[in-house]
Amino acid sequence: MHQAITIEALQALDAIDKKGSFAAAAESLFKVPSALSYTIKKLEEDLDITLFDRSKQRAQLTPAGRLVLEQGREILLATNRLIDSVKQLDSGWEREIRIARDTTICQAPLFDLVTQFNQLEHNVDVTLGVEVLGGGWDALHSRRADIVIGVSGELPKGLFKTHKIGTLSFVFAVSSQHPLAGFKGVIDNEQLRKYPSVVVADTSQILPVRDSGLFQSKQVLRVSSMDSKLEGQRQGLGIGFLPLHIAKPMLDSGELVEKQCAIPRPDQDIYIAWHKDQQGKAFEWFIEKLCQVGWLQNH
């Protein structure tokens, strides 16, 4: 049996890809860069392949390296599930619970729930992630999250359970200093094409990426969260639709101005979702509590 590929080596490869450099990956794994470099070099020698192209300023995965990483991630997920299952079998409490929220959802209520959960003193690790657009469904599909808060769009059938937590209403908003702030009437496609837009990039890794752009614009500024989109529009870097509950404080202060737009943005139902086969006392505790929170009232 070939012993070249170890869990440690796969974790190192995964971290380098996610963090973008050997140094950043080593820091995330609490290792020195030389130890991480040795792990990767040994893996390359044992497999007799080159995992990274080091001819450029920044090391990049070779096609063989990408294949090892993609299939290695499946092994890492399976390993984590095995550890979780053994831990849960012994006590009923999972080793870890992974919760992801869409960036339209405020994090404060989630922190409040974690505070309450920690008072139970079951030593369950809690991982809080952030996803955008289809990234929530993708996180469930890939099992990198056990529960997601704020997913929307067409609901996948068969695999997941859902609980509706509200409906997002949207407003087209521009900075009070933006040229369109003083525009009278309904902004049409011709006007929209004259200015940059700010959009939030989808975080899907496996499922198809959803396009958040609803109209053609002069330039697209992509950001990683709804808060960044809000700030970008406040500073006049671009225009676009924002969830009303997020934009309201700046609309009330006058920093943003609501405008009528010819392109409609329908209301959107949002949900908490989880796998039908999910089990565990921590999971059950969080599902009960999460479904009681007024998520769109806390931003």
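Residues numbered from 1 in each chain as written. Predicted model: local features only at pLDDT ≥ 70, side-chain atom pairs only at ≥ 80, totals over all residues. Heavy atoms only, no water.

## Observations regarding the packing of aromatic side chains
The relation between two aromatic rings is expressed through the spacing of the ring centres and the mutual angle of the planes. Inclusion rule: Stacked, tilted and edge-to-face are the three classes applied to pairs of Phe, Tyr and Trp rings, where Trp contributes its six-membered ring and a pair requires centres within 6.5 Å; stacked means planes under 30 degrees apart, edge-to-face means over 60, and tilted covers the rest. Helical segments are the DSSP runs of H or I of at least four residues, strand segments are the runs of E of at least two, and each set is numbered from the N terminus. Here the term buried applies to any residue with accessible area under 20% of the maximum for its type, exposed to any over 50%, and partly exposed to those in between, with areas from a 1.4 Å probe on protein chains only.
Tallied over the entire structure, the rule returns 7 aromatic pairs. With a centroid separation of 5.2 Å and 75° between ring planes, the pair formed by Phe172 and Phe241 is classed as edge-to-face. Of this pair, Phe172 sits in strand S7 (residues 170–175) while Phe241 is found in strand S11 (residues 240–243), placing the two residues 69 residues apart along the sequence. Taken individually, Phe172 and Phe241 each receive the classification buried, so the pair is uniform in this respect. Here the aromatic rings of Trp285 and Phe286 are separated by 5.0 Å at their centres, their planes lie at 80°, and the arrangement is edge-to-face. Its relative accessible area of 0% is what places Phe286 among the buried residues.

## As for the layout of surface pockets
Under the convention used in this document: Detection works on a 1 Å grid of protein atoms alone, calling trapped sets that fit a 1.4 Å probe cavities and calling open sets with protein on both sides within 12 Å along at least five of seven lines pockets, with lining residues defined by an atom within 4 Å of a point. Grid points are joined across faces, edges and corners, and a volume is the space filled by probe spheres set on the points. The classification used treats Ala, Val, Leu, Ile, Met, Phe, Trp, Tyr, Cys and Pro as nonpolar, Asp, Glu, Lys and Arg as charged, and all other residues, Gly among them, as polar.
There is about 1,200 Å³ of room inside the largest pocket. Lining the largest pocket are 35 residues; nearest its centre among them are Asp14, Lys18, Leu77, Asn80 and Arg144. Among the elements that take part in the lining of the largest pocket, helix H4 (residues 63–91) stands out by supplying 8 residues, more than any other. A class-by-class count of the residues in the lining of the largest pocket yields 11 nonpolar, 9 polar and 15 charged.

## Points about the pattern of salt bridges
Cut-off, in case you're wondering: Definition used for salt bridges: Asp or Glu carboxyl oxygen within 4 Å of a side-chain nitrogen of Lys or Arg.
Per the counting criterion, the structure on display carries 16 salt bridges. A salt bridge links Arg66 to Asp17; the nearest nitrogen and oxygen atoms lie 3.3 Å apart. Highlighted residues: Arg66 in helix H4 and Asp17 in helix H1 (residues 7–19), separated in sequence by 49 residues. Judged by its relative accessible area of 33%, Arg66 is partly exposed. A relative accessible area of 28% means that Asp17 is categorised as partly exposed. Residues participating in the shared-partner salt-bridge network are Asp14, Asp17, Lys18, Arg66 and Arg73.

## Examining the pairing of S7
With 6 of 6 residues buried, S7 is to be regarded as a mostly interior element. The alternating pattern of S7 places Phe170, Phe172 and Val174 on one face and Val171, Ala173 and Ser175 on the opposite face, and all of these are buried.

## Looking at unusual backbone geometry
Peptide bonds are trans in most cases, and residues, glycine excluded, mostly fall at negative phi. The phi dihedral of Phe30 is positive, around 60°, even though this residue is not glycine. Given the relative accessible area of 79%, Phe30 is considered exposed. Even without a glycine there, the phi angle at Glu121 is positive, about 60°. Along the chain, the position of Glu121 falls in the loop between helix H5 (108–118) and strand S4 (125–131).

## Quick look at the sheet that holds strand S5 (residues 147–151)
Our working definition: Should DSSP find at least two bridges between two strands, the strands are taken to pair. Simply put, an axis is a line fit to the C-alpha atoms, just over the touching stretch for a helix, and the angle between two N-to-C directions goes from 0 to 180 degrees. In what follows, residue pairs with any heavy atoms lying within 4.5 Å of each other are defined as contacts.
The strand order across the open sheet formed by 5 strands is S4-S3-S5-S14-S6, and the pairing between neighbours is mixed. Lying at the two open borders of the sheet, with one neighbouring strand each, are S4 and strand S6 (160–168). Direction aside, neighbouring strands of the sheet carry axes that sit 15° apart on average. Relative to S5, strand S3 (residues 96–102) runs parallel, the two sharing 3 bridges. Note that in S5 the partner of Ala100 across the bridge is Val148. H5 contacts S3, S4 and S5 of the sheet and is inclined by roughly 170° relative to S4.

## Observations regarding the sheet that holds S7
Strand pairing in a sheet takes place through backbone hydrogen bonds and is either antiparallel or parallel in direction. Here 3 strands make up an open sheet; going across it, the order is S11-S7-S12 and the pairing antiparallel. The open sheet has two free edges, formed respectively by S11 and strand S12 (256–258), since each of these has just one partner strand. Ignoring strand direction, the axes of neighbouring strands in this sheet form an average angle of 55°. In this structure, S7 lies alongside S11, joined through 4 bridges in antiparallel fashion. Bridge assignment links Phe170 to a residue of S11, and that residue is Pro243. Together, S7, S11 and S12 form the strand contacts of helix H8 (residues 226–234), whose direction differs from that of S11 by roughly 130°. In this fold helix H9 (residues 244–253) packs onto S7, S11 and S12, with an angle of close to 100° to the strand it touches most, S11.

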